[in-house]
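# Structure at a glance
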Amino acid sequence: MNCINFVVPMNACPCGYFPDRERCRCTEAEVHRYQSRVSRPLLERIDICTEVKKLSYEDLHGMQKSECSFDIRGRVERAGRIQSRRYQKEPFRFNSAIPPGRIEEFCRMDGEARRRIRDVYEAKKLGARTYHKILKVARTIADLDGAEVIGKRHVSEAVSYRDRTWECEG
């Protein structure tokens, strides 16, 4: 099974400045109408959907400490090795390609994580595809942390990457 990665850049409104209300002059209705032009079936197929926020002056000039690219690359490579070992006998190589029938096998969660995903599932009225995507992303976040079992923090972060699509699903 081949996985295709793609990035879908999208302005959040016709003028391109939303949510910066100092610059954006679009009405709430215009923003909603603009965002709802993207179909739900397409949004359901996107694993991560997040807003890139404007950097503050302090962030831009490195006054806040952040993880350097070299360290991030190391964590990503370790997560890749974890997945390679985990799926060495499988016809797939990455968390994103876990078949729906094998999600429970490879996306083991602790009790708090299970309660969190259940609460989100019920509150957001998720479909199976979105539920599975959240768990696969949570598995990847746990791999980046070097965690064997998916925790509540991993699920919560994965859920945060879907919030934007729920706004657009209208």
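Refer to the preceding data block for the structure.
The notes below deal with the structure included here. Since the structure is predicted, the reported quantities are computational estimates derived from the model, not experimental observations.

With that settled, consider helix 1 (residues 28-35). Buried within helix 1 we find Val31, Tyr34 and Gln35. Down the axis of helix 1, the sector holding all buried residues measures 95°, keeping them to one side.

In this section: the packing of aromatic side chains. Scanning the entire structure with this criterion turns up four aromatic pairs. Relative to phenylalanine 106, the ring of tyrosine 87 lies with its centre 5.0 Å away and its plane at 75°, an arrangement referred to as edge-to-face. Taken together, the residues span a long stretch of sequence, with tyrosine 87 in the loop between helix 4 (69-86) and helix 5 (103-106) and phenylalanine 106 in helix 5 at a distance of 19 residues. Centroid distance tyrosine 121 to tyrosine 131: 5.6 Å. Interplanar angle 80°. Geometry classified as edge-to-face.

All right, on to helix 7 (residues 128-145) then. For helix 7, built from 18 residues, the straight-helix expectation of 26 Å at 1.5 Å per residue is met to within 8% by its first-to-last C-alpha distance of 26 Å. For helix 7, the buried fraction is high: 13 of the 18 residues fall into the buried class.

Here the focus is the pattern of salt bridges. Under the definition given, this model contains 10 salt bridges. Across the pair arginine 21 and glutamate 28 runs a salt bridge, and its minimum N-O distance is 2.7 Å. The exposure class assigned to arginine 21 is partly exposed, which follows from its relative accessible area of 33%. Among the residues examined, glutamate 28 registers a relative accessible area of 53% and is labelled exposed. A salt bridge links arginine 102 to glutamate 105, with the nearest nitrogen and oxygen atoms 2.8 Å apart. Look at the salt bridges and you will find they share partners, linking Arg86, Arg139 and Asp143 into a network.

Parameters and conventions
- Residues numbered from 1 in each chain as written.
- Predicted model: local features only at pLDDT ≥ 70, side-chain atom pairs only at ≥ 80, totals over all residues.
- Heavy atoms only, no water.
- Buried < 20%, exposed > 50% of the residue type's maximum accessible area, 1.4 Å probe, protein only.
- Helix = DSSP H or I, 4+ residues; strand = E, 2+ residues; numbered from the N terminus.
- Arc of directions from axis to C-beta.
- Phe/Tyr/Trp six-rings, centres within 6.5 Å; stacked < 30°, edge-to-face > 60°.
- Expected span 1.5 Å × (residues − 1).
- Salt bridge = Lys/Arg side-chain N within 4 Å of Asp/Glu carboxyl O.

The analysis is restricted to geometry; functional conclusions fall outside its scope.
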